[in-house]
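Working through the structure, step by step
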Amino acid sequence: MDVLPMFPLGTVLLPGNPLPLQVFEPRYLAMLRDIAGGDGRFGVVLIERGFEVGGGDQRLRSAPWRRSSR
């Protein structure tokens, strides 16, 4: 099973759009070194909770998901 490194961000990244990163945390610097030494692929995942995003326990307010009755 292949493993794709994931970079958590408080923003949405659209395919093909550039996203300048300022990486300073040692754990992410190490991850980027591993990525550069490998195939260069990584993913970006939206993080909405946790101290990394600031502004309290939850960043986004979301409604419960409901299946259409059709």
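Bear in mind that the values here come from a model prediction, so they are computed numbers and not experimental data. (Residues numbered from 1 in each chain as written. Predicted model: local features only at pLDDT ≥ 70, side-chain atom pairs only at ≥ 80, totals over all residues. Heavy atoms only, no water.)

**Brief notes about the overall build of the protein chain**
The condition is simple: The helix count covers DSSP runs of H or I at least four residues long, the strand count covers runs of E at least two residues long, and both are numbered beginning at the N terminus. Buried, partly exposed and exposed residues are distinguished by accessible area as a fraction of the type maximum, computed with a 1.4 Å probe on protein chains only: under 20%, between the cut-offs, and over 50%, respectively. Residue-level accessible areas treat just the shown protein chains as cover; the underlying method is Shrake-Rupley with a 1.4 Å probe.
Counting secondary structure elements, the protein chain contains 1 helix and 2 strands. Scanning the protein chain from its N terminus toward the C terminus, one meets helices and strands in the order β-α-β. In the protein chain, which comprises 70 residues, the proportion classed as buried is 11%. For the protein chain, the accessible area works out to roughly 6400 Å², and carbon and sulfur atoms hold 55% of it.

**Here we look at the environment of R41**
This is how the line gets drawn: Residues are treated as being in contact if the distance between any of their heavy atoms lies within 4.5 Å.
Summarising the element assignment, R41 is placed in the loop between α1 (26–37) and β2 (43–46). Accessibility expressed as a relative area gives 49% for R41, which makes it partly exposed. Separated by 37 residues in sequence, R41 and L4 place their C-alpha atoms 7.1 Å apart. Not counting chain neighbours up to four residues away, the residues in contact with R41 comprise L4, P5 and I35.

**Description of the nonpolar core**
It is characteristic of soluble globular proteins that their nonpolar side chains tend to be buried jointly. Defined as follows: Here the nonpolar core consists of buried residues drawn from Ala, Val, Leu, Ile, Met, Phe, Trp, Tyr and Cys, with membership extended through side-chain atoms lying within 4.5 Å.
Counting 5 residues, the largest nonpolar core consists of F7, L9, Y28, M31 and I35. Elements with a minimum of two residues in this core: β1 (6–9) and α1. Broken down by element, this core gets its largest block of residues, 3 residues, from α1.

**Quick notes on the packing of aromatic side chains**
Definition in use: Planes of paired rings set the category: under 30 degrees apart is stacked, over 60 is edge-to-face and the rest tilted, where pairs are Phe, Tyr or Trp rings (Trp by its six-membered ring) whose centres lie within 6.5 Å.
Per the counting criterion, the structure on display carries 1 aromatic pair. When the centroid spacing of 5.0 Å and the interplanar angle of 45° are considered together, the rings of F7 and Y28 count as tilted. With F7 in strand β1 and Y28 in helix α1, this residue pair connects regions lying 21 residues apart in the sequence. We note that F7, like Y28, is buried.

**Some details on the pattern of salt bridges**
Operational definition: A pair is scored as a salt bridge if a Lys or Arg side-chain nitrogen falls within 4 Å of a carboxyl oxygen belonging to Asp or Glu.
Going through the model one piece at a time under the given rule, you end up with 2 salt bridges. Note that R27 is salt-bridged to E25, the shortest N-O span being 2.8 Å. Overall, the relative accessible area of 44% leaves R27 in the partly exposed class.

**Some details on α1**
Cut-off, in case you're wondering: The span one expects for a helix is its residue count, reduced by one, times 1.5 Å. Note that the arc is computed from the directions linking the helix axis to the C-beta atoms.
With 12 residues, α1 extends 17 Å from end C-alpha to end C-alpha; this agrees with the ideal 16 Å at 1.5 Å per step. Among the residues of α1, Y28, M31 and I35 are the ones counted as buried. Taken around the axis of α1, the buried residues stretch over an arc of 55°, which confines them to a single face. Away from its buried face by more than 90 degrees, α1 exposes P26, R33, D34, A36 and G37. Tucked inside the fold, the buried residues of α1 contact β1.

All quantities given are derived from atomic positions and should not be read as evidence of function.
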